[in-house]
Amino acid sequence: MTEERGKEDLEKSETLPFIEKPFAISDKESKSAPENETDGEDGGRDTYCGFWIFKGPSMQRFATEQMYVILYGLAGCVMTMTFSYFNGTITTLEKRYKIPTKVSGIISVGNDISTMLTAAILGYYAGHGHRPRWMGIGLLTIVAFCLLTSSLHFIYGAGEDALKLTREFGQVNETMAKQERDKKLCQPTGGGCVQEEVGLWVPQVFLFAAQLISGVGQALFYTLGIAYMDDNTSKAKTPAMLSMSTFLRMLGPAIGYSLAAVCLRLYIEPTLEPLIGQEDPRWLGAWWLGWLVLAAITLVSAILLFMFPKQLPSARKRRLQQKQDERKQSLPLNERSFADMMKTVKKLSKNKVYIYNTMASILYFFGYMVYWIFTPKYIETQYRQSAAMATMATGTVALGFSAAGILISGYVISKYKPSARAMAAWNAIVDFVTVAGILCYVAIGCEGSDRLNTLTTLSAGNSCSASCHCDYVHYAPVCSADNITFISACHAGCSERTKDALGRTIYTGCQCLRSSSLNSEPESQFAVDGTCPVDCFNEFLIFLGVMCFLKLVGASSKSTNLLLALRCMPPDEKTFALGLGSMAASLLGFIPSPIFFGWLIDNYCLVWGKTCSNKGNCWLYDTKSMRYALNLSAAFFIFLGGFLNIAVWYHAKNLKIFDEEESPKDSLKNKEVEMKTIDSNPEEN
């Protein structure tokens, strides 16, 4: 989901895990079947590893709790890699297909929409079936998602704008290349608008459809995965198992962002030689390449999950020992009605720990989703870093601290077994520390970048450039001698183009330079191709340090939040309650948050890439205003969530998280029950 789309984080990868088990119907909830259907020969076959020709006695040693946790964590790692890779390449997709940020926000929530709509149905029908194989089918839909997304490149190619910036374009089409260069200069008459290379909605619909497909796979994988783990492990092992699987999944965003960084260092058409560097805002990386790698890895993970048994042998043995108690506690599936469900909803609405914990998580999701999805874009615009550097910092560096936070918290919880109140208090502390860190983001700005954007806007709006008819000139920045960046040579009023001894493109006769200069002294009327140099690296390092600290602290609350969610309700209501929480989180957090923040970011756009029918993607932002609005809005929602966690602390005083230690007397009694159970089931010996 989302920690990480991470819906989605994700990459949803950083989302709190209590929402990852919607409507899974566990084996414990379908005990109305006759005893001989589950405990005899068929029950024995349910514990066999493998499928088709990939099976045999030698594989049975892998049917263990530890092996499932590792396999589930690695498969989750692969899934979160796909969502983080999408987030890492989203700015490149915006430039390539001229997508506004608010539209890319809508695209990114496609998987949350389909997850919300399908989780209940899939949980109902697949929850009491062969869950590992259903999870494998879910991963196959992720393969389809990867291939469908990458197919855009093979359908539309690298794009005319990217090809014009290669050496081969000038060699093959010299006349056309000269015409394109002349379009950047001051024009005596107005030129026509820029025709769109592809249909406006076609790539966006493609991307949204791919996200919808991935949501189905996400629903199957997360709906059934934790349910299978919870039903096949003992309660005492739950914190350690959850921490281990979550840690493995947290590696996914780091690897996904790293893969994005590697691919974006290559030009979108790797066989051609670009004329610009990676730092140029017009650079387009090979965003499509990583999807092919991810499709292959996901396919292998799906095959491995298919091999896992319907239930673990150790879990089946425990189930036989506790069979009579569970049969009394659970209402048979075929006797459940809509009225029963509404009674459960009414009962849950009176569970204050459940309500406050769910609401606190939703507010946290809403506020922090913008950083899971748009952090690479934020780094690129605020600190003038390349797309490859931004994705590397977001993934490999920062998410490594998230993984460390999960491991540390899992160790502390397993060793010291804190109370429910202590866990709720820690969740509240994490929220307020996160708010403090986000307020630091507001202060960590780059003055040079803020000044550059302001001067660029002033230069674009002067009366001099209006006479050059630059409305539909492509964004191709030039730098004047007084260190002012112009949107293009046309906006600078330049009439000639030449090259200096170093091979740099020089524009001369730039009549608008003096009118935009802040100095009264006349300046030489020439400009150099490219943006003016701005050094924001020190500010970027400070931002990265704060972000890593917040990742470490924030990840430490994942296990505590999940344990509160699992223990605040009766076992027979657990799957429905978690599913209801999942739907609420998607409806109120995961879906509206990227749309809201995408709209907010677009509100501070200064330069749009205009086409004949729309304004295209944004090339330049008011970084200072955007920094304040985005971070303060996010901090506000997380701040409210902190107070709701205080309410959880108040009402959780009697909540029991861990089983009490067994006395010797209880232990002897359980041994006697175990021996009686074995004697009554001789076919199991």
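What you see is a predicted model, and the numbers here were worked out from it, not measured in a lab.

Draft legend 1. Structural context of the sheet that holds strand E4 (residues 485-486). Sheet architecture is open: five strands sit in the order E4-E3-E7-E6-E5, paired in antiparallel fashion. On the outer flanks of this sheet lie E4 and strand E5 (496-499), each paired with one strand and no other. Of the strand pairs in this sheet, E5 and strand E6 (residues 505-508) are connected by four bridges, and their pairing is antiparallel. Looking at the pairing, Arg497 lines up with Tyr507 of E6.

Draft legend 2. Local environment of helix H23 (residues 537-555). The terminal C-alpha atoms of H23, which comprises 19 residues, lie 27 Å apart, in line with the 27 Å expected from a rise of 1.5 Å per residue. Listed as buried for H23 are Phe540, Phe543, Leu544, Val546, Met547, Cys548, Leu550, Lys551, Val553, Gly554 and Ala555. In the core, the buried residues of H23 are packed alongside helix H17 (352-383), helix H18 (387-416), helix H19 (420-443) and helix H24 (558-567).

Draft legend 3. Highlighting the packing of H17 against H19. Running from N to C, H17 and H19 point in directions that differ by 35°, and their axes come no closer than 13 Å. Regarding H17 and H19, the two cross each other, and that crossing is left-handed. Seen from H17, the contacting residues are Tyr364, Tyr368, Tyr371 and Tyr378; seen from H19, they are Asp431, Thr434, Ile438 and Tyr441. Of the residues assigned to the contact of H17 with H19, the class counts are six nonpolar, one polar and one charged.

Draft legend 4. Broad picture of the pattern of salt bridges. Counted by the stated rule, this structure contains six salt bridges. Across the pair Lys377 and Glu94 runs a salt bridge whose closest N-O atoms are separated by 2.7 Å. Placement of the pair is Lys377 in helix H17 and Glu94 in helix H4 (residues 90-97), with a sequence separation of 283 residues. In this structure Glu94 comes out as buried when scored by relative accessible area, which is 4%. In this structure, Lys98 engages Asp161 in a salt bridge whose closest nitrogen and oxygen atoms are separated by 3.2 Å. Of this pair, Lys98 sits in the loop between H4 and helix H5 (101-108) while Asp161 sits in helix H8 (residues 160-163), placing them 63 residues apart in sequence.

Draft legend 5. Geometry of a nonpolar patch on the surface. A contiguous nonpolar surface patch, about 680 Å² in accessible area, is contributed by Phe636, Phe639, Leu640, Phe643, Ile646, Trp649 and Tyr650. If you trace the backbone, Trp649 turns up in helix H27 (residues 623-651). Residue Trp649 is classed as partly exposed on the basis of its relative accessible area, which comes to 33%.

Draft legend 6. The arrangement of the packing of H19 against H24 in detail. Packing of H19 against H24 leaves a shortest axis separation of 9 Å and a crossing angle of 130°. What the angle tells us is that H19 and H24 run oblique. Our pair here, H19 against H24, has a crossing hand that is left-handed. Here H19 contributes Ala420, Met423, Ala424, Trp426 and Asn427 to the contact with H24, which in turn contributes Thr560, Asn561, Leu563 and Leu564. When its residues are assigned to classes, the contact of H19 with H24 shows six nonpolar, three polar and no charged.

Draft legend 7. A look at the nonpolar core. In this structure, Phe221, Trp287 and Tyr441 are the most contacted members of the largest nonpolar core, which totals 130 residues. Residue contributions to this core peak at 18 residues, all from H17. In terms of domain composition, this core takes at least three residues from each of domain 1 (60-176 + 209-318) and domain 2 (349-446 + 535-680). Apart from the residues within four sequence positions on either side, Trp287 is in contact with Tyr85, Thr89, Thr92, Leu93, Arg96, Tyr97, Thr149, Ser150, Leu152, His153, Leu264 and Ile268.

Draft legend 8. Local environment of the packing of aromatic side chains. All chains considered together, the criterion is met by 35 aromatic pairs. Taken together, a centroid distance of 5.0 Å and an interplanar angle of 15° make the contact between Tyr72 and Phe221 stacked. Taken together, the positions of Tyr72 in helix H3 (residues 65-88) and Phe221 in helix H11 (residues 202-232) put the pair 149 residues apart, joining distant regions of the chain. For the pair Tyr72 and Phe221, a shared accessibility class is recorded, and that class is buried. Aromatic side chains Tyr368 and Tyr371 sit 5.2 Å apart centroid to centroid with 55° between the ring planes, which places their arrangement in the tilted category. One end of the pair is Tyr368 and the other is Tyr371, both in helix H17 and three residues apart, which spans about a single turn. Grouping residues by exposure puts Tyr368 and Tyr371 together as buried. Members of the aromatic cluster, joined through ring pairs, are Tyr364, Phe365, Tyr368, Tyr371, Trp372, Tyr378, Tyr383, Tyr441, Phe537, Phe540, Phe543 and Phe590. The side chain of Lys415 reaches across the aromatic face of Tyr416, ending 5.7 Å from its centre. Lying across the ring of Trp649, Arg421 places its NZ or CZ 4.1 Å from the centre.

Draft legend 9. Main features of the state of the cysteines. Counted by the stated rule, this structure contains five disulfides. Between Cys446 and Cys536 runs a disulfide, and the two sulfur atoms are separated by 1.9 Å. Judged by the sign of its S-S torsion, about -75°, the cystine formed by Cys446 and Cys536 is left-handed. With Cys446 in the loop between H19 and helix H20 (447-460) and Cys536 in the loop between strand E7 (526-529) and H23, this pair connects stretches of sequence that are 90 residues apart. Here Cys446 and Cys536 have matching classes, each one buried. Put simply, Cys479 and Cys532 are joined by a disulfide, and their sulfur atoms are 2.0 Å apart. A torsion of 105° about the S-S bond marks the disulfide between Cys479 and Cys532 as right-handed. Here Cys479 is found in strand E3 (residues 478-480), whereas its partner Cys532 is found in the loop between E7 and H23, with 53 residues between them in sequence. Of the two residues, Cys479 and Cys532, neither departs from the other in class, the shared state being buried.

Draft legend 10. Expanded view of the confidence of the model for the protein. Within the protein, residue pLDDT values average 77, and 73% of them lie at 70 or more. In the model, residues 518-523 has pLDDT below 50 throughout and makes eight contacts with residues more than four positions away in sequence or in other chains.

Draft legend 11. Geometry of the pairing of E7. Direction of pairing for E3 relative to E7: antiparallel, over a ladder of three bridges. When the sheet's bridge partners are listed, Ser480 is paired in E7 with Ala527. Direction of pairing for E6 relative to E7: antiparallel, over a ladder of three bridges. Within E7, the position partnered with Thr508 by the bridge is Phe526.

Procedures and definitions
Residues numbered from 1 in each chain as written. Predicted model: local features only at pLDDT ≥ 70, side-chain atom pairs only at ≥ 80, totals over all residues. Heavy atoms only, no water. Pairing = 2+ DSSP bridges. Helix = DSSP H or I, 4+ residues; strand = E, 2+ residues; numbered from the N terminus. Expected span 1.5 Å × (residues − 1). Buried < 20%, exposed > 50% of the residue type's maximum accessible area, 1.4 Å probe, protein only. Contact = heavy atoms within 4.5 Å. Axes fitted to C-alpha atoms, helices over the stretch in contact; angles between N-to-C directions. Left-handed = near helix turned anticlockwise from the far one by under 90°. Nonpolar A, V, L, I, M, F, W, Y, C, P; charged D, E, K, R; others polar. Salt bridge = Lys/Arg side-chain N within 4 Å of Asp/Glu carboxyl O. Patch = residues over 30% accessible without salt bridge, like charges linked within 9 Å, V, L, I, M, F, W, Y side chains within 5 Å. Areas by Shrake-Rupley, 256 points an atom, 1.4 Å probe, with all protein chains shown as cover. Parallel < 35°, antiparallel > 145°, perpendicular 65-115°, else oblique. Core = buried A, V, L, I, M, F, W, Y, C linked by side-chain atoms within 4.5 Å. Domains from an automatic or database assignment. Phe/Tyr/Trp six-rings, centres within 6.5 Å; stacked < 30°, edge-to-face > 60°. Lys NZ or Arg CZ within 6 Å of the ring centre and 35° of its normal. Disulfide = S-S within 2.5 Å. pLDDT = per-residue confidence, 0-100.

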